[in-house]
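A closer look at the structure
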Amino acid sequence: KGDVARSAAISACGKAIAWQSALVLCGQGLHDAIAYNAAISACGDATQWPWALHFFQEMGQKQLQRSQISFNAAVSAVEWPTALEICQMMHYSLIPPDVMTFNSILQSCAVAMQWSLAQDVLEQMRQCQVTGNIITKAMVSKLGLSRSLRGWPLDGLVLAVASGRSVPFGDVVY
């Protein structure tokens with residue numbers, strides 16, 4: 001019961017961007033993957049990526065099972081070169097990337113202005129048969145890569161968003 005409460009408190013600190021408080025709670029002991037995931041996310045939310053990476057690596061050192069949640073929390077917390085390394089580790093762990101993984105990497109590419117890399121990420125997303133969502137569409141628009149998605153199921157919606165046309169939120173494009 002204490003671990004669940006501690007994990008919830010760590011998550012709450014992350015949402016409040018009170019990462020120092022989250023670190024204090026982490027210092028009281030992280031005993032399971034849920035607590036580590038909360039710590040990684042809290043540090044990521046506060047843009048304290050070195051700490052997020054520390055907890056992700058410590059998880060491996062303690063031989064705790066990393067899940068898709070663990071990898072996604074780490075990928076979204078770090079800068080693009082490290083995000084790609086974590087994605088490689090995800091591949092070697094036989095955990096498939098999902099739309100959240102790819103969106104996090106696209107966001108990192110946008111921040112670092114890595115347009116070519118973002119195109120490669122979109123191609124990898126296509127090869128993995130991962131369907132984009134509204135966040136993917138926003139990232140593609142932000143990166144100016146709408147042409148890269150021609151022929152994708154979400155192409156029409158991406159082009160509408162990129163051209164500034166209004167698209168009802170409930171519309172699903174396949």
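If you're wondering where the values come from, they're calculated on a predicted model, not measured in any experiment. (Residues numbered from 1 in each chain as written. Predicted model: local features only at pLDDT ≥ 70, side-chain atom pairs only at ≥ 80, totals over all residues. Heavy atoms only, no water.)

1. Structural notes on the overall build of the protein
- Of regular secondary structure, the protein possesses ten helices and zero strands.
- Seen in sequence order, the protein has helices and strands lined up from the N terminus as α-α-α-α-α-α-α-α-α-α.
- Of all 174 residues assigned to the protein, the portion counted as buried reaches 43%.
- Of all intrachain contacts in the protein linking residues separated by at least 6 positions in sequence, the fraction that spans at least 24 positions is 52%. (Helix = DSSP H or I, 4+ residues; strand = E, 2+ residues; numbered from the N terminus. Buried < 20%, exposed > 50% of the residue type's maximum accessible area, 1.4 Å probe, protein only. Contact = heavy atoms within 4.5 Å.)

2. Re helix H3 (residues 33–45)
- For H3, spanning 13 residues, the distance from its first C-alpha to its last is 18 Å, which sits close to the expected 18 Å at 1.5 Å a residue.
- Of the residues trailing H3, Thr 47 is marked for its positive phi of about 55 degrees. (Expected span 1.5 Å × (residues − 1).)

3. Overview of the side chain of Arg 66
- Locating Arg 66 in the fold gives a position in the loop between helix H4 (49–61) and helix H5 (68–77).
- In terms of polar contacts, Arg 66 uses its side chain to reach the backbone carbonyl oxygen of Phe 56, at 2.8 Å.
- Arg 66 has contacts with Phe 56, Gln 57, Met 59, Gly 60, Phe 71, Met 89 and Ile 95, leaving out every residue within four places of it along the chain. (Polar contact = N/O pair within 3.5 Å; in protein donor to acceptor, adjacent residues only side chain to side chain.)

4. Notes on unusual backbone geometry
- Backbone geometry at Gln 63 places phi at a positive 55 degrees, although glycine is not the residue there.
- A positive phi angle is found at Met 113, which is not glycine, with a value near 55 degrees.
- Inspection of the secondary structure assignment puts Met 113 in the loop between helix H7 (99–112) and helix H8 (115–127).
- Relative accessible area serves as the criterion here: at 57%, Met 113 is assigned to the exposed category.

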